[in-house]
Amino acid sequence: MLRCFLITCFYCLITLSLMTLNNTYAAAQQQEGQEQPAEQTKPTSDTPQQSDQQQSTNTDEQTVINRQTRRSKVAIAPPLDSNELTTSDLKHYLPAEEQQPLLVGPDQYHTLITTNAAANNKGVVILLADWQQPATSPKAINYLRQTMPEQGWTTISIQPPAQPANYPSTALTLTKQQQENKQALTESREQLAKVLAEVMKKAQTYPGIIIVVAEGHHSALLFSLYQQQMAEQPMTLISLSAFLNDEEGNKQSAEALAKMDLPVLDLYLRTDHGLVKQAVKLRKKSVNQALKSYFRQKELFNSHTSYYPEKILLKEINGWLRSQGW
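- An unreviewed UniProt entry lists the chain under the name DUF3530 family protein, with Thalassotalea insulae given as the organism.

What follows is the structure, given as structure tokens:
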């Protein structure tokens, strides 16, 4: 009897355990079924957050657009004129007593005047730097400006007119290029003549003769300017690496040099601007054909491209002046 009772209890316990497991499994299945729709509706619950993020992005983009719009409405001043900047530097770094403004019509030019520092007063040297160079051009002008007063000369160094904006021409046809180049050089020559007229008036207030030393493009323009009698001629002209940027301009400049009576010392360098050597040959050819007197052309050896050897330059200038009797 006891054995039968124990067996019966054992089977009851097993049955009860199985029933408990079945109930637990069923409850778990029911819970999973209820959570599945929650997961499916989860994106719906995240929608407000995504909307906030999108709104924030749109706000940032609008802020950038607004900043760009405000920036585009800011007035941008044009760049300052190069001559104005150079003049400002000269006024800042050089002694005030050397600086004098020069009024040419409505325009004002800046000049540097260094008076004679020797017992013997020889005269005035007008120094004209090349386009885009200051009145203290380091290629040669500044050395002469500082040195020649010790030898008896008063120097007047001019802040030169700017290069024409449309020269050399970039037109598509050769004929159009020649027309535009001729027009630009004519206007530049006329403006240079006005400047020299005022400078000559200033130079004539000092005793002695007047000579002109000019660099580059301005030197080549002076040949035509003096040949056409657009300005009063000095006693002699010293040309430093004269050239223009177009072949026709160099040819006309060389022809003008050969026709004028003004004595000319034509100096150039061994290592110089690429167009200088071509212009030198044209001038030599024109002078030989015209049998021009009082002309000397000489090449100087230099170690830095376009920079004149200072002492040799001064020696050549003094030798030329002595040959002219000054």
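1. Description of the sheet that holds strand β1 (residues 99-104)
- The eight strands lie next to each other as β1-β2-β4-β3-β5-β6-β7-β8, forming an open sheet whose pairing is mixed. Unpaired on one side and paired on the other, β1 and β8 (295-300) mark the two borders of the sheet. Direction aside, neighbouring strands of the sheet carry axes that sit 20 degrees apart on average.
- Summarising the sheet, strand β2 (residues 107-114) and strand β4 (residues 153-158) pair through four bridges and their orientation is antiparallel. Bridging from a neighbouring strand, Thr114 pairs with Thr155 of β4.
- Along the sheet face, helix α3 (residues 82-93) touches β1 and β2 and points at about 35 degrees away from the line of β2.

2. Things to note about the side chain of Thr111
- Turning to its location among the elements, Thr111 is positioned in strand β2.
- Exposure remark for Thr111: the relative accessible area of 4% places this residue in the buried category.
- Only 2.7 Å separates the side chain of Thr111 from the backbone oxygen of Gln100, close enough to count as a polar contact.
- Aside from chain neighbours lying at most four places away, what touches Thr111 is Glu98, Gln99, Gln100, Leu102, Ile156, Ser157 and Ile158.

3. Looking at the nonpolar core
- Membership of the largest hydrophobic core comes to 40 residues, with the highest contact counts inside it found for Ile126, Leu222, Phe223, Leu225, Tyr226, Leu237 and Met260.
- Secondary structure elements with two or more residues in this core: β1, β2, β3 (123-128), β4, α5 (174-203), β5 (209-215), α6 (216-227) and α7 (247-259).
- Once residues lying within four places of it in the same chain are set aside, the contact partners of Leu225 are Arg189, Leu192, Ala193, Leu196, Met230 and Ala231.
- Ile141, Val213, Ile317 and Trp320 belong to the second largest nonpolar core, which has 24 residues in total.

4. A word on the layout of surface pockets
- In this structure, the largest pocket occupies an estimated 290 Å³ of space.
- At the level of secondary structure, the elements contributing two or more residues to the lining of the largest pocket comprise α5, α6 and α7.
- Tallying contributions element by element places α7 first for the lining of the largest pocket, with seven residues.
- In this structure, the second largest pocket occupies an estimated 210 Å³ of space.

Conventions adopted
Residues numbered from 1 in each chain as written. Predicted model: local features only at pLDDT ≥ 70, side-chain atom pairs only at ≥ 80, totals over all residues. Heavy atoms only, no water. Pairing = 2+ DSSP bridges. Helix = DSSP H or I, 4+ residues; strand = E, 2+ residues; numbered from the N terminus. Axes fitted to C-alpha atoms, helices over the stretch in contact; angles between N-to-C directions. Contact = heavy atoms within 4.5 Å. Buried < 20%, exposed > 50% of the residue type's maximum accessible area, 1.4 Å probe, protein only. Polar contact = N/O pair within 3.5 Å; in protein donor to acceptor, adjacent residues only side chain to side chain. Core = buried A, V, L, I, M, F, W, Y, C linked by side-chain atoms within 4.5 Å. 1 Å grid on protein atoms, 1.4 Å probe; cavity = no way out; pocket = protein on both sides within 12 Å on 5 of 7 lines; lining within 4 Å. Points joined across faces, edges and corners; volume = space filled by probe spheres on them.

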